[in-house]
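If you want the building blocks of each chain, they are given just below.
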Amino acid sequence: MSPVVGQPVPRLESEAKATGRARYTADLSLPRMLHARLVRSQHPHANVLKVDSEVAASQLGVRAVVTSVELTSKYPLLHAFNSAAAHAVEGRSGDQKLFDTRVRYVGEPVAAVVADTDAHARRAAQLVEVEYQDLPAVLDTVAACAEGAIQLHAGAPGNFAQHLVRRTGDIDAALSSAALVLEEQFVTPRQKQAQLEPTCALADVDADGKITVWSPNQAPHRIREALADIFGIPLHKVRVINPFIGGSFGKGDGLTAEPYAVLLALLMHRPIKLQFSRYEDFVGTDARHPTRTRLTAGFRADATLVALRAHVIADAGAYLGHSEGVAAVMIRQFLAPYRIDCADLEASVIYTNTPVTGSFRGYGGPQACFPLEHMIDLGAARLGVDPLEARSRMRIRKGDAWRELGPIASDGFGTCLQGGAAAFDWNKKRARTPAETGPKRIGVGMACASWGSGVSGRPGVFDYSGAHVRLNADGSVEVATAGCDLGTGLRTTLAQICADALGVPLDMVHMSEIDTDITPYEIGAHASRSLYRNGQAVQIAAAHARRQVLEYAASKFEVAFEDLDLTNGQILVRGVPGRASSLSEVTRRALVEDHIEFYGHGGTRVANAPTFVAQFAEVAVDSSTGQVTLLRLLTAQDVGRAINPDIVAGQAQGAAHQGIGYALYEDLQVDGETGSVLNGLFMDYRVPTSMDAPTSEVILVEEPDPSGPFGAKGAGEPGIIPTAPAIANAIFHATGASMTQLPMTPERVLAALRATGREMVK
Amino acid sequence: MSLQLVAMINGERVVASVVDDQLLCDFLRDEMELLGTHVGCLEGVCGTCTVLVDGRQVRSCLVLAAQVDGCSVLTVEGLAGRGSLHPLQRAFIESGAIQCGFCTSGMLMASKALLDEYPVPTEQQIREALAGNLCRCTGYGKVVDAVLSAATKIESKPG
């Protein structure tokens, strides 16, 4: 049988999606279901004194208006929560309450309207009047850290949500011995996932009090734990199901609409579908932390880094959410791709009265990568070294210690750099003299990142996926994992792994629906872990089932276990061509004659694998307008093994495109006076369109990691991390202008050109 | 107020009573149970809810159901022929142009409107035609490939 691992088979669910038959959460209905919409605060910091629901409640089709004031008296026992929904092992300190009577950002839910139809709920929600007692608001990190600033949370003096410090080596000595020391301030924006499916949840409570929730979340088991926690019930009373998911990119890496839908279902004794508008999705779900970073870098004469000092100030928004994790990743990313002996790294994550920031593809990586990678180019230019050469000299490599997990076992970094450079024609393009006349300046730049495959390997961090592989009587196969397919192609890729590991054709493998009642535990689709971790679990579970089948067959056929093989759904006796049996004959016989079902289980152990990416960008800069046109973007990424080359290349292309948005367009702006989000609509928040960039090129580097399923490593996030600095470095090469703030809008590029004296004077 | 609506929807004559302010997307999804038309923004920007009305692409969140009285409406459910996928659907599947799939229905309908008018579009024409359909997963490259590939197949079909 030809293996399916490594084949670009079409996704299992593509036909359902192409014909409009794939069902997303908003498409689901239950008998007696009601529709809900939330009413959100228009004040950044206030006590809710009174909610006047009379007009709204009297509207046609409206069933109830639920308010924070009423809830606090009725349900004093609802537990505080953290929307990050960390699993139990990591502890769950919560600073957020459902319908709190003190609101801390514009957009925080204060009431809900329940109605017969969504249109009725939408309309009535506009009619709820809320009376606030305003409190002083801190709308950015500077105001939040100022002397005497109001404190958002009792347990957080100085509004520090998180403060992390990591020091290695003698930084002062290293800096004073450096050939060149540079210092710069960098600013990164608040970026929104802007997945196309608006946030939604459907909740139902049965006669026994068991809660079932359908939602486009990335971590069904963590959502289940968090809901059990909030409502004070055991885990088996909560069931979380994933319908098809319309993109997520971190947005669903925790609680969004789920606890509100559950609460309303409990209150109304009816199923509740709660939908967010696009504006609510922008303000009411996590964004990427905006940051300000002061970076000092010491270079040797060959442009390698000898020392780094970075102080990052990140905006957590109003609640903790993922801030602890994001801060840790930011710190780690400064040292991820290169050997740097001395470092002094500090991250302060600050509460402000703005929408919550948290998990977004890259999770702290882009905020560290942009300053670091642009700084390398600034240093290399001063020292007259090719920036690709500087990176090649100092890159981490096979054998280096990596994340408390021992030496790096697979290293495709060098191939990413060299293969990418060759395909991009780096040396030739880099050596071009920029045309001194004419408004367009052409230049090329590159940047790198190293990333993990999951979060396993840090002390105290739990990273687990489980899988079941069950054989039906006819030899077809059910695979149960809770690994969410956010549109990533994960389910198809896992089916390919199961087919080869078990020895059956791909069309005999079915991926069970994700349902916490059925699918084994797993921590969620984040940190580029899904294929790597669920793939390990599926491979082990399939091998376990295969062993059971062959042991049974060996006893029935009276041959040695070692002489049997299972391939393409056929059980063969090695060297005896006539003695084949179909898998279905064996599975049926086992069930009927011996009451045996073959049921494999697999789970992960502590393991992680490093991934590497190098990105190359070519830009044209119009020096009279500051307009940047991206001419070419190439991603060379070490994926370990491309289980499905089309799917993994699609991940790299999509990630790069979001990176382009981060570099050039995207910035969710909060008004400095009112705390309102100014551009929380697709009309105003600019995501890249089909006109904004050419098709990005992808080179898949396959350097298998011994720990990965068939050698595969994580692949979802690396491609978004170095895009912004690669483009910034190309602008720098084209014009000599150093861009230290994202997004690199025409206004900012023009200002930077003016600073270099290189704008075109008309 | 309720109005009577008579329209051809995916080739079938439909007589329905609609509320005068009901949006076409809500009518298609809630009354006709055509759930393949997705709603991404309800402000006419993302293109997710695109359907064809008398052959022209329309944002079904910007149009009232009552406005399609007497018209012919095509949604993604009506794209495939009996038992066979439309060449665009096949091309989207084969080119890997579908990731999360939420934008796919709108992309397919906008692409159909393009190919009906320009059977052999250039890459630039495709990019321009799809500029109002947001996709956050693919980076558009494979979507453009799919439309190019479908155009070749439709064009080379005899008859």
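As a starting point, this report considers the structure included with it.

Reading the values: the criteria
Residues numbered from 1 in each chain as written. Chains lettered and ligands numbered in written order. Predicted model: local features only at pLDDT ≥ 70, side-chain atom pairs only at ≥ 80, totals over all residues. Heavy atoms only, no water. Helix = DSSP H or I, 4+ residues; strand = E, 2+ residues; numbered from the N terminus. Buried < 20%, exposed > 50% of the residue type's maximum accessible area, 1.4 Å probe, protein only. Contact = heavy atoms within 4.5 Å. Areas by Shrake-Rupley, 256 points an atom, 1.4 Å probe, with all protein chains shown as cover. Core = buried A, V, L, I, M, F, W, Y, C linked by side-chain atoms within 4.5 Å. Salt bridge = Lys/Arg side-chain N within 4 Å of Asp/Glu carboxyl O. Pairing = 2+ DSSP bridges. Axes fitted to C-alpha atoms, helices over the stretch in contact; angles between N-to-C directions. Parallel < 35°, antiparallel > 145°, perpendicular 65-115°, else oblique. Left-handed = near helix turned anticlockwise from the far one by under 90°. 1 Å grid on protein atoms, 1.4 Å probe; cavity = no way out; pocket = protein on both sides within 12 Å on 5 of 7 lines; lining within 4 Å. Points joined across faces, edges and corners; volume = space filled by probe spheres on them. Nonpolar A, V, L, I, M, F, W, Y, C, P; charged D, E, K, R; others polar.

## Side note on the overall build of chain A
At step 1: Counting its regular elements, chain A contains 20 helices and 27 strands.
At step 2: Along the first, second and third principal axes, the C-alpha set of chain A runs to 85 × 75 × 50 Å.
At step 3: Relative to its 762 residues, chain A shows a buried fraction of 64%.
At step 4: Once local pairs closer than 6 in sequence are excluded, the contacts in chain A between residues at least 24 apart make up 81%.
At step 5: On chain A, roughly 26100 Å² of surface is accessible, and the fraction owed to carbon and sulfur atoms is 52%.

## Some words on the nonpolar core
At step 1: Counting residues in each nonpolar core, the largest one holds 151 residues, and the members touching the most others are A:Phe682, A:Ile727, A:Met744 and B:Phe92.
At step 2: Residue contributions to this core peak at 8 residues, all from helix H19 (residues 723–735) of chain A.
At step 3: Dropping the residues within four chain positions of it, B:Phe92 is found in contact with B:Ala97, B:Ile98, B:Thr104, B:Met107, B:Leu108, B:Ser111, B:Val143, B:Ala146 and B:Val147.
At step 4: Counting residues in hydrophobic clusters, the runner-up holds 43 residues, among them A:Val4, A:Ala541, A:Leu564 and A:Leu583.

## Some details on the pattern of salt bridges
At step 1: The full count for this structure, using the stated rule, is 43 salt bridges over all chains.
At step 2: Here A:Glu15 and A:Arg21 are joined by a salt bridge, their closest N and O atoms 3.8 Å apart.
At step 3: With relative accessibility at 40%, the residue A:Glu15 sits in the partly exposed group.
At step 4: The exposure class assigned to A:Arg21 is exposed, which follows from its relative accessible area of 52%.
At step 5: With a closest N to O distance of 3.3 Å, A:Arg123 and B:Asp21 form a salt bridge. One end of the pair, A:Arg123, is in helix H4 (residues 118–125); the other, B:Asp21, is in the loop between strand S2 (12–19) and helix H1 (24–31), on a second chain.
At step 6: Here A:Arg123 falls in the partly exposed class, since its relative accessible area comes to 46%.

## Considering the sheet that holds strand S1 (residues 34–40) of chain A
Residues and elements named next belong to chain A.
At step 1: Strand order in this open sheet of 8 strands is S3-S5-S1-S12-S9-S10-S11-S20, and the pairing throughout is mixed. This sheet does not close on itself; its edge strands, each paired only once, are strand S3 (62–67) and strand S20 (514–515).
At step 2: Bridge analysis of strand S11 (residues 238–242) against S20 gives 2 bridges, and the strand direction is antiparallel. From the neighbouring strand, isoleucine 241 faces S20, where its bridge partner is aspartate 515.

## Looking at the packing of helix H2 (residues 87–94) of chain B against helix H5 (residues 141–156) of chain B
Residue and element names in this part refer to chain B.
At step 1: Their axes nearest at 8 Å, the elements H2 and H5 cross at an angle of 135°. Taken together, H2 and H5 sit at an angle that is classed as oblique. Of the two elements, H2 crosses H5, and the hand of that crossing is right-handed. Only Val143, Ala146, Val147, Ser149, Ala150, Lys153 and Ile154 of H5 make contact with H2, whose side of the interface consists of Pro87, Leu88, Ala91, Phe92 and Glu94.

## Let's talk about empty space enclosed by the protein
Residues and elements named next belong to chain A.
At step 1: Throughout the structure, instances matching the rule amount to 8 cavities of 30 Å³ or more.
At step 2: Approximately 220 Å³ is the volume found for the largest cavity.
At step 3: Around the largest cavity, the lining comprises 19 residues; the ones closest to its centre are Ser83, Gln96, Leu255, Thr256 and Gly284.
At step 4: Within the residue set of the lining of the largest cavity, elements represented by two or more residues are helix H8 (258–268) and helix H9 (278–284).
At step 5: Each residue belonging to the lining of the largest cavity can be placed in one class, and the counts come to 9 nonpolar, 6 polar and 4 charged.

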